Amino acid sequence: MTDRRLHLNAFLMPIGHHEAAWRLPESDPNANLDIQHYISLARTAERGRFDSVFLADSPVLFANPERRPSGKLEPTIILTAIATATERIGLIGTASTTYNEPYNLARRFASLDFVSGGRAGWNIVTTAGDDAARNFGLDGVPAHKSRYARAAEFVEVSTKLWDSWEDDAIVADKEAAIHADSAKVHTFEHEGEFFSVAGPLNVPRSPQGYPLLVQAGSSENGKDFAALYAEAIFTAQPTFEEGKAFYDDVKDRVGKVGRDPRQVLILPGIVPVIGDTEKEARELDAELARLISPEYARRQLAERFGLRPEQLPLDEPLPENLPSEDEIEGAKSRYTLIVQLARRENLTVRQLIERLGGGRGHRTFAGTAEQVADTIEHWFHSGAADGFNIMPAVLPSGLEKFVDGVVPILQERGLFRTEYTEATLRGHYGLPRPENQFTVGRAFVGLATQP
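Residues numbered from 1 in each chain as written. Predicted model: local features only at pLDDT ≥ 70, side-chain atom pairs only at ≥ 80, totals over all residues. Heavy atoms only, no water.

For the chain, the name recorded in an unreviewed UniProt entry is FMN-dependent oxidoreductase, nitrilotriacetate monooxygenase family, with Rhodococcus rhodochrous J3 as its organism. Check the Sequence similarities (unreviewed entry) section of the UniProt entry for the chain; it says "Belongs to the NtaA/SnaA/DszA monooxygenase family." (UniProt positions renumbered as here; feature names shortened; annotations may be inferred.)

Caption draft 1: Spotlight on the overall build of the chain. A count of helices and strands for the chain gives 15 helices and 13 strands. Here the C-alpha atoms of the chain give a radius of gyration of 22 Å, agreeing with the 22 Å that 2.2 N^0.38 yields for 451 residues. For the chain, the C-alpha atoms occupy an extent of roughly 75 × 50 × 40 Å along the three principal directions. Out of the 451 residues in the chain, the part that is buried amounts to 54%. Taking as baseline every contact in the chain between residues at least 6 positions apart, the subset at least 24 positions apart corresponds to 77%. Here the chain displays about 19000 Å² of accessible surface, and carbon together with sulfur accounts for 49% of that area. Between the mean site of the 49 positive side-chain charges and the mean site of the 65 negative ones, the chain shows a separation of 1 Å. (Helix = DSSP H or I, 4+ residues; strand = E, 2+ residues; numbered from the N terminus. Rg over C-alpha atoms; globule rule 2.2 N^0.38 Å. Buried < 20%, exposed > 50% of the residue type's maximum accessible area, 1.4 Å probe, protein only. Contact = heavy atoms within 4.5 Å. Areas by Shrake-Rupley, 256 points an atom, 1.4 Å probe, with all protein chains shown as cover. Lys, Arg positive; Asp, Glu negative; His and termini not counted. Charge placed at Lys NZ, Arg CZ, Asp CG, Glu CD.)

Caption draft 2: Structural view of helix H6 (residues 220–229). The buried count for H6 comes to 7 of 10 residues, which makes it a mostly enclosed element. When H6 is considered as a whole, its buried residues turn out to be Gly-222, Lys-223, Phe-225, Ala-226, Ala-227, Leu-228 and Tyr-229. Check the buried side of H6 and you find it contacts strand S4 (120–125), helix H5 (144–163), strand S9 (212–215), strand S10 (232–235) and helix H7 (240–256).

Caption draft 3: Region of the structure containing the packing of H6 against H7. Here H6 crosses H7 at 50°, and the two axes come no closer than 8 Å. As summarised for this structure, H6 and H7 are arranged oblique, according to the angle between their axes. When the axes of H6 and H7 are compared, the crossing they make is right-handed. The segment H6 lies against H7, with Glu-220, Lys-223, Asp-224 and Ala-227 engaging Phe-246, Asp-249, Val-250, Arg-253 and Val-254. Each residue belonging to the contact of H6 with H7 can be placed in one class, and the counts come to 4 nonpolar, no polar and 5 charged. (Axes fitted to C-alpha atoms, helices over the stretch in contact; angles between N-to-C directions. Parallel < 35°, antiparallel > 145°, perpendicular 65-115°, else oblique. Left-handed = near helix turned anticlockwise from the far one by under 90°. Nonpolar A, V, L, I, M, F, W, Y, C, P; charged D, E, K, R; others polar.)

Caption draft 4: Representation of the packing of helix H2 (residues 75–85) against helix H3 (residues 102–116). One can describe the packing of H2 onto H3 by two numbers: an axis separation of 9 Å at closest approach and a directional angle of 10°. One finds that H2 runs roughly parallel with respect to H3. On H3, the residues touching Thr-76, Leu-79, Thr-80, Ala-83 and Thr-84 of H2 are Arg-108, Phe-109, Leu-112, Val-115 and Ser-116. Residue classes in the contact of H2 with H3 are distributed as 5 nonpolar, 4 polar and 1 charged.

Caption draft 5: Representation of H3 in the model. Look at H3: 21 Å from first C-alpha to last across 15 residues, which is about the 21 Å you get at 1.5 Å a residue. When H3 is considered as a whole, its buried residues turn out to be Pro-102, Leu-105, Ala-106, Phe-109, Ala-110, Leu-112, Asp-113 and Ser-116. On an axial view of H3, the arc spanned by its buried residues comes to 155°, and they lie on one face. Within two residues after H3, Gly-117 carries a phi angle of roughly 70°, on the positive side. (Expected span 1.5 Å × (residues − 1). Arc of directions from axis to C-beta.)

Caption draft 6: Representation of the environment of Phe-305 in the model. With respect to the helices and strands, Phe-305 occurs in helix H9 (residues 294–305). When its relative accessible area of 2% is taken as the criterion, Phe-305 is described as buried.

Caption draft 7: Structural view of the environment of Asn-32. Along the chain, the position of Asn-32 falls in the loop between strand S1 (7–11) and helix H1 (35–47). Residues Asn-32 and Ile-124 lie 92 residues apart in sequence; the distance between their C-alpha atoms is 22 Å. Those residues in contact with Asn-32, other than ones at most four positions away along the chain, are Pro-14, Tyr-38, Pro-69, Ser-70, Gly-71 and Leu-73.

Caption draft 8: Spotlight on the environment of Ala-373. Looking at the secondary structure, you find Ala-373 in helix H12 (residues 369–381). Under the relative-accessibility criterion, Ala-373 is labelled buried at 0%. Here the alpha-carbon distance between Ala-373 and Leu-410, two residues 37 residues apart in the chain, equals 6.4 Å. Those residues within four positions of Ala-373 in sequence are excluded, and the remaining contacts are Val-406, Ile-409, Leu-410 and Arg-413.

Caption draft 9: Highlighting the pairing of strand S12 (residues 363–367). Counting buried positions along S12 gives 4 out of 5 residues, so the element sits mostly inside the fold. In this structure, strand S11 (residues 265–274) lies alongside S12, joined through 5 bridges in parallel fashion. Of the residues in S12, the one forming a bridge with Ile-270 is Arg-363. (Pairing = 2+ DSSP bridges.)

Caption draft 10: Inspection of the pattern of salt bridges at higher detail. Throughout the structure, instances matching the rule amount to 28 salt bridges. Among the salt bridges present, the one from Arg-253 reaches Asp-249, with a minimum N-O distance of 2.9 Å. Highlighted residues: Arg-253 and Asp-249, both in helix H7, separated by 4 residues, approximately one helical turn. For Asp-249, a relative accessible area of 23% gives the class partly exposed. Residue Arg-413 is joined to Glu-377 by a salt bridge in which the shortest nitrogen-to-oxygen separation is 2.7 Å. One end of the pair, Arg-413, is in the loop between helix H13 (397–412) and helix H14 (425–428); the other, Glu-377, is in helix H12, and 36 residues separate them in sequence. Bridged by salt links that share partners, the residues Glu-220, Lys-223, Asp-224, Asp-249 and Arg-253 form one connected network. (Salt bridge = Lys/Arg side-chain N within 4 Å of Asp/Glu carboxyl O.)

Caption draft 11: The side chain of Asp-163, seen in detail. The topology assignment puts Asp-163 in helix H5. Look at Asp-163 and you get buried, because its relative accessible area is 1%. Here the side chain of Asp-163 touches Arg-205 through a polar contact of 2.9 Å, side chain to side chain. Residues within four places of Asp-163 in sequence aside, it is in contact with Arg-205, Tyr-210, Glu-435, Asn-436, Gln-437 and Phe-438. (Polar contact = N/O pair within 3.5 Å; in protein donor to acceptor, adjacent residues only side chain to side chain.)

Here it is as structure tokens:
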């Protein structure tokens, strides 16, 4: 990488990131099941020259279906459909290392990379929550440290599978009746703590070598894992000071494990509510807050804290005797972020619910397109972000306002591309195509060391 440039990723939730967005008159409450809706959003992001679109996922019913749309299509299926309807934009999907197996998952993402012509990315998550565990025959969620150890081995096996075909393995020599050079298709007989995989993959090495590796955890284990493996990091940092501290910390960890910090991109989430005037933006923000069901949100918050809803009076601050982060096995970094937000701003439970309703702890911002652009530029130039994970509170209108309002300002300031210059997701992010570990005779960087 040479010149530093701003990167933008569109984090697509079906109707928007605000939990009450589906109740607005403009919203389609069934958009979560409409593939044309996702395709339209991706085309809007591509019109804005975004680096990529991103889909979150969890192997569990995420919300009470009585209170909000909660059905979710599988991300790689959605992204495959988007791939055929777009040309350049990157396609990042979430998949859990706790509730998948390396062979099947490596095959899915290699297939997506082929279908899209080299635009696939994998957001690596370890998945918290007993409800997900019970869907896979487990009594409870595995311990936090164990999930990250499994994730490290999962990535090790996946990269071996993606590399199991050398780039020039296919010769397609009709005259000699040789389709592939078998000496360049590798078994590797992996035997580890969690997996036993022989290889090779039944998909040749894909256009990018393998998909862009993305990570989204911000706990200590999560940051160590990111330093070893991630090429892009999605993170939740509600203030500039926290964003700057996280940025410096992770870049330092990356350098200490022998990787180039410039090749690990940090993209905090931002939830913009954009209006033609600041007053208009704040009115929409207030309308969304009004549409939140506080009792339902209180039950969700109480569950996260391991409390009963009546232990969280709506118009009082959080109780003082909450569990510590060390006592939490799931989503440690998000738990800490929420508690710190409430303590720092002395929020009541009702006020905390309103703040979390839009961004679940990510930075939320109501203002004009120019004010949003100012915030992005400040974080970027001050070394708190390499770009942003854009999380519109309402879709599709919020993404359209960002593309038509904020992007031109960033382009005028020379911060963001006006046209695509690369064809792959790695190219958009300015990252190199990884060498094949079997060709160069070395292990993948960092795989010998687990966090």
